[in-house]
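Spelled out from the first residue to the last, the chains are:
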Amino acid sequence: MTTTQLTLPMQCSSDALVQPELELNPTRNISYKAVEDFFGEMKQSDVDRYSEYWSSVAPKSSEDAFLRWIFAFMSVHTSWKSNVNGYNALKDWRDWSGDSQKLLQKLKTSGVGLHNNRTKFVTKFDTDFWSNSAKYTSSPTNWRKHRDELVKSTLGLGQAKVSFSLEMTAPLSADVVCMDTHMFQAYGLDQTKDSKQYRNIEAHWINMSKAYKVPCYIARCLYWDRKQNKTDSRYWSYVLEG
């Protein structure tokens, strides 16, 4: 069976591009080669397969969207396995919603860590989300502006994890990217030392995705799963299927 690599168009319309926000006196130069090689090697069959899967598990209700955000809260400073354990402990959200002590106990039992902070952050988010769920589930015309506004009002999540929430909420359309430590490394950067480069490398990833006509999140999943030596996302995303 032959495999088809993606074709890069000769140019991408300028109004589709995201402009980088250059850091003054950067700690080091961004290296684009590994990322551009990755996009150049991407196969259309993989893009189609991933797109079909992530479309099938996209939220179909406000409850589904709420749980994508809960998954993101559980992903802070932990492994993907602990992330899954924390999420599984909270997925029956009606059991703990409005009861911070029960929430704390569930977090402790899960072993996800940072129990006190997660309790504080999730308790506030629980109230905020159900007070105005449209704020967290809308499809904006400017995704990065929308993300930035949510970062300001979401206690406990920075721009990477808010982006992750939006990616899972709108996997085929969100034009924001969770630039985690692995993504920084892809650009030859250190997430801690080069944090000011976030928006620059995010802009590059978005523009590469647009040029190759691949949803940003689908491209990131393909990259992340390859780093984990996996051929799909279901080793962790299976918890989102039910």
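In what follows, the accompanying structure is described. Keep in mind the model is a prediction, meaning the values are calculated, not measured.

The subject of this paragraph is the nonpolar core. Counting 72 residues, the largest nonpolar core has Phe39, Trp54, Tyr187, Trp205 and Trp236 as the members making the most contacts within it. Counting residues per element, this core draws most heavily on helix α3 (residues 62-74), at nine residues. For Phe39, the residues in contact, after removing those within four places along its chain, are Trp205, Met208, Ser209, Tyr212 and Ala219.

All right, on to the layout of surface pockets then. Of the volumes computed, that of the largest pocket is approximately 700 Å³. In terms of lining residues, the largest pocket is bounded by 31 residues, among which Ser75, Val76, His77, Lys161 and Asp180 are the most central. If you list the elements that add at least two residues to the lining of the largest pocket, you get α3, α4 (80-90), α6 (115-131), α9 (159-169), α10 (181-186) and α12 (216-227).

Moving on, we come to the side chain of Glu167. Along the polypeptide, Glu167 turns up in helix α9. Look past the residues within four positions of Glu167 in its chain and what remains in contact with it is Ala174, Val176, Val177, Cys178, Tyr217 and Arg220.

Below, the discussion takes up the packing of aromatic side chains. In total, this model carries 29 aromatic pairs according to the counting rule given. Aromatic pair Phe38 and Trp205: ring centres 5.9 Å apart, planes at 20°, arrangement stacked. Taken together, the residues Phe38 in helix α1 (residues 33-41) and Trp205 in helix α11 (residues 198-212) connect sequence positions 167 residues apart. Counting every residue linked through ring pairs, the aromatic cluster contains Phe66, Trp69, Phe73, Trp93, Trp96, Phe125, Phe129, Trp130 and Tyr136. Cation over ring: Lys230 sits above Tyr235, and NZ or CZ is 5.4 Å from the ring centre.

Calculation notes
Per-chain numbering applies: the sequence of each chain, read as written, is numbered from 1 onward. In keeping with the predicted nature of the model, local features appear solely for residues at pLDDT of at least 70, side-chain atom pairs appear and are counted solely at 80 or more, and the whole-chain, interface and lining totals rest on all residues. Note: side-chain values were computed over all heavy atoms of the structure, leaving out hydrogens and water. The definition of a nonpolar core used throughout is a set of buried Ala, Val, Leu, Ile, Met, Phe, Trp, Tyr and Cys residues joined through side-chain atoms within 4.5 Å. Throughout this description, buried means an accessible area under 20% of the type-specific maximum (1.4 Å probe, protein chains only), exposed means over 50%, and partly exposed covers the range between. Segments assigned H or I by DSSP are reported as helices when at least four residues long, segments assigned E as strands when at least two residues long, and all are numbered from the N terminus. Throughout, a residue-residue contact means that at least one pair of heavy atoms, one from each residue, lies within 4.5 Å. Lining residues are those with an atom within 4 Å of a point, where the points come from a 1 Å grid over the protein atoms alone and group into cavities, where a 1.4 Å probe fits but cannot get out, or pockets, open sets with protein on both sides within 12 Å along at least five of seven lines. Grid points are joined across faces, edges and corners, and a volume is the space filled by probe spheres set on the points. Aromatic rings from Phe, Tyr and Trp, with only the six-membered ring used for Trp, were paired whenever their centres fell within 6.5 Å, and each pair was classed as stacked if the ring planes differed by under 30 degrees, edge-to-face if by over 60, and tilted otherwise. Comment: the charge-over-ring label is applied if NZ (Lys) or CZ (Arg) is within 6 Å of the ring centre and within 35 degrees of the ring normal.

Taken by themselves, the reported measurements are silent on function.
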